[in-house]
Amino acid sequence: NAGVTQTPKFQVLKTGQSMTLQCAQDMNHNSMYWYRQDPGMGLRLIYYSASEGTTDKGEVPNGYNVSRLNKREFSLRLESAAPSQTSVYFCASLRAGGTGELFFGEGSRLTVL
Amino acid sequence: AQSVTQLDSQVPVFEEAPVELRCNYSSSVSVYLFWYVQYPNQGLQLLLKYLSGSTLVESINGFEAEFNKSQTSFHLRKPSVHISDTAEYFCAVRGAQKLVFGQGTRLTINP
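Residues numbered from 1 in each chain as written. Chains lettered and ligands numbered in written order. Predicted model: local features only at pLDDT ≥ 70, side-chain atom pairs only at ≥ 80, totals over all residues. Heavy atoms only, no water.

1. Considering the side chain of S87 of chain A
Residue and element names in this part refer to chain A.
Move 1: Assignment of secondary structure puts S87 in strand β9 (residues 87-94).
Move 2: The exposure class of S87 is buried, given its relative accessible area of 6%.
Move 3: A polar side-chain atom of S87 sits 2.9 Å from a polar atom in the side chain of D38. (Helix = DSSP H or I, 4+ residues; strand = E, 2+ residues; numbered from the N terminus. Buried < 20%, exposed > 50% of the residue type's maximum accessible area, 1.4 Å probe, protein only. Polar contact = N/O pair within 3.5 Å; in protein donor to acceptor, adjacent residues only side chain to side chain.)

2. Side note on the packing of aromatic side chains
Move 1: Under the defined criterion, the tally for this structure stands at 13 aromatic pairs over all chains.
Move 2: Pairing F104 of chain A with Y36 of chain B gives two aromatic rings, centres 5.8 Å apart and planes at 80 degrees, and the pair type is edge-to-face. Of the two residues, F104 of chain A sits in strand β10 (residues 102-104) while Y36 of chain B sits in strand β5 (residues 33-38), which places them in two different chains. This pair shows no difference in class: F104 of chain A is buried, exactly as Y36 of chain B is. (Phe/Tyr/Trp six-rings, centres within 6.5 Å; stacked < 30°, edge-to-face > 60°.)

3. Describing the state of the cysteines
Residue and element names in this part refer to chain A.
Move 1: Inspection of the entire model under this criterion finds two disulfides over all chains.
Move 2: In this model, C23 is linked to C91 through a disulfide, with the two sulfur atoms separated by 1.9 Å. Taking the torsion about the sulfur-sulfur bond, which here is approximately -75 degrees, the covalent link between C23 and C91 counts as left-handed. Taken as a pair, C23 in strand β3 (residues 19-25) and C91 in strand β9 lie far apart in primary sequence, 68 residues in all.
Move 3: Under the relative-accessibility criterion, C23 is labelled buried at 3%.
Move 4: The exposure class assigned to C91 is buried, which follows from its relative accessible area of 0%. (Disulfide = S-S within 2.5 Å.)

4. Describing the pattern of salt bridges
Residues and elements named next belong to chain A.
Move 1: Counted under the stated rule, the structure contains eight salt bridges over all chains.
Move 2: In this structure, R77 engages E79 in a salt bridge whose closest nitrogen and oxygen atoms are separated by 3.2 Å.
Move 3: Classification of R77 by relative accessible area gives partly exposed; the value is 30%.
Move 4: You can call E79 partly exposed: its relative accessible area is 43%. (Salt bridge = Lys/Arg side-chain N within 4 Å of Asp/Glu carboxyl O.)

In short, shape yes, function no, at least from these values alone.
And the structure:
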């Protein structure tokens, strides 16, 4: 009964380093999402994947890449981290059927020095 | 395109007092509206949703929200808050394949 699992929960990077945030869901959902949360700005969509094999940009995609590895897994990669990418990142999946209910992971707190 | 505006970034209230968190939306398609809650150091979880039918929707922990099409609003209310309601609340509108979130309202309950 895990739901949406994100790893790692915490990470500190130096400017220019790369890393990948992993996300997996066990609810057989088709659509998956990566959001970032910053104080006073709510959640902003980085990338999403409506189904296995497809990915699309959200409102803040610059500096990120994604991979929809299979139906369960959707990873977010920072190729060259910048201090502006310091944030809390949330992965979510969407229950099918048109209701629009998102299920969220617990978040990954990333600090870029 | 869809957008959401939460009119208050912070709302402090006393325990057992009523509260209203305001949300206005803009949508060019059928309107599906949501309130999500985020407790400290946790992810977001669904509080309640409006898809169709009755314009007044309720959650299991005493919150309610009313869909008002003429005012394009979906305000969240609770008649009597508890310390455990301390959290950040996000209003969201469903767009094509994704949800668009408001900026969030931090609800602080004072004893």
